[in-house]
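Understanding the architecture of this molecule
Next come the chains, spelled out residue by residue.
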Amino acid sequence: MDAKLNDNQLQYHIGKVQDVSKLQVPNSKRIHFGWLAVPVVESNSNDTLKFFWSENPLIDDSVRFRITIALDVREEKLIQVFLINSGQVIGEFDIRYAHVFEIFEIEIKEEYAVNVFKEGIGLRMLKGSQPLWIFSSTNPEADELFSPHILVNKETDKLEKFYNRMFSLASIQPFGWMEGCVLDGLMDLGDGLYKEKANDTIKKHISLFFDDNNNMKYENPRSEAVDGTIYGIENTLVFAV
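The sections below set out a description of the structure shown in this document.

Calculation rules
Just so you know, the residues in each chain are numbered from 1, in the order the chain's sequence is written. Per-residue local features of the predicted model are confined to residues with pLDDT of at least 70, and side-chain atom pairs are confined, for both listing and counting, to 80 or more; whole-chain, interface and lining totals are unaffected and use all residues. Only heavy atoms go into the side-chain values, all of them from the structure, while hydrogens and water stay out. Within 6.5 Å between ring centres, the rings of Phe, Tyr and Trp (the latter by its six-membered ring) count as paired, and their orientation is classed by plane angle as stacked under 30 degrees, edge-to-face over 60, tilted in between. Numbering of helices and strands starts at the N terminus; helices are DSSP runs of H or I of at least 4 residues and strands are runs of E of at least 2. Throughout, exposure labels follow a simple rule: accessible area from a 1.4 Å probe, protein chains only, divided by the maximum for the residue type, with under 20% read as buried, over 50% as exposed, and the rest as partly exposed. By definition here, charges over rings are those cases where NZ of Lys or CZ of Arg is within 6 Å of the ring centre and within 35 degrees of the ring normal. When DSSP finds two or more bridges between a pair of strands, those strands are recorded as paired. Side-chain atoms within 4.5 Å are what join buried Ala, Val, Leu, Ile, Met, Phe, Trp, Tyr and Cys residues into a set we call a nonpolar core. In this description, contact between two residues means that some pair of their heavy atoms is separated by no more than 4.5 Å.

To describe a pair of aromatic rings, one takes the distance between the centres and the angle between the planes. Applying the stated rule across the entire model yields 21 aromatic pairs. Measuring from centroid to centroid gives 5.4 Å for Trp35 and Phe135, while their planes differ by 70°, and the two rings are edge-to-face. Here Phe135 lies in strand β11 (residues 132-135) and Trp35 lies in the loop between β3 (16-18) and β4 (37-40), a separation of 100 residues in the sequence. No difference in accessibility class separates Trp35 from Phe135, as the two residues are buried. Between Phe167 and Tyr194, the aromatic rings sit 5.4 Å apart at their centres with planes inclined by 35°, giving tilted as the arrangement. In this pair, Phe167 sits in the loop between α2 (158-166) and α3 (177-189) while Tyr194 sits in the loop between α3 and α4 (195-207), placing the two residues 27 residues apart along the sequence. Judged by relative accessible area, which is 26%, Tyr194 ranks as partly exposed. Three or more aromatic residues link up through ring pairs in this structure, and these residues are Phe33, Trp35, Phe101, Phe135, Phe146, Phe175, Phe209, Tyr218, Tyr231 and Phe239. Directly above the ring of Phe82 sits Arg124, whose terminal nitrogen or CZ lies 3.8 Å from the centroid.

Here is the structure:
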């Protein structure tokens, strides 16, 4: 389902995924929190990943297309972005050794922006040996920031938006030093006016890494399941919090 999030002057237009490849995530890997992900495959495959929008918003400012990594990347990838009907190439994602929850974006030039919503966007991999897995738009428990979306960026209060994102699941990171740094930052913010918001956010973050029986469930930096174990010293910051 298409969706639009209005964050004052920020508009997030979520793309509907179509023509998803029947590829499965490798057996040795796992997507965080059981969320759904879709693969971008090599350009000579017929399984082109496509996104469509039912809306046609007024475009008069900066426009960006954004995707979020769902499975650890251990190589250099080049992803071409094109309009579905015309085949016009509108940009490329240069992705190198990316981690889960890392967001990539391309700026869409004004002459292409309107056609994006009319035609839809396709993705194909020009460089890389393994499919690129990105989060789908069908994860109701995930923050919409992680869905493939068009961002229409108008004038806004950037500090306010920082706090809005920090005190939400939009700031979640893989279990380890990255999530530890986020939690550490929330702890610092909790020393001031934002104590209640910070504590609530910390609890929501940590709860994602435990199942219904309070067993620790998470993935290491290579997206491999390491439930109930400690994979290394980088975990300690999360446990400290």
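Read on, since the account is not over.
Right, let's talk about the pairing of β11 for a bit. Where burial is concerned, the two faces of β11 agree: the one with Leu132 and Ile134 and the one with Trp133 and Phe135 are both buried. Alignment of β4 against β11, held across 4 bridges, turns out to be antiparallel. Note on β11: the bridge partner recorded for Ala37 is Phe135.

Let us now look at the nonpolar core. Ranked by internal contacts, the top residues of the largest apolar core, which has 33 residues, are Phe65, Phe93, Ile121, Leu123 and Ile150. Among the elements that line this core, the one with the most residues is helix α1 (residues 110-119), at 4 residues. Not counting chain neighbours up to four residues away, the residues in contact with Ile150 comprise Gln11, Tyr12, His13, Trp53, Val63, Arg64, Phe65, Ile108, Val116, Phe117 and Ile121. Membership of the second largest hydrophobic core comes to 31 residues, among which are Tyr12, Trp133, Ala142 and Phe167.

Take the pairing of strand β8 (residues 89-96) next. Where strand β7 (residues 76-83) lies against β8, 7 bridges are found, and the strand directions are antiparallel. From the neighbouring strand, Ile79 faces β8, where its bridge partner is Phe93. Counted along the chain from β7 to the antiparallel partner β8, the turn is 5 residues long, and its residue Gly87 has a positive phi close to 75°.

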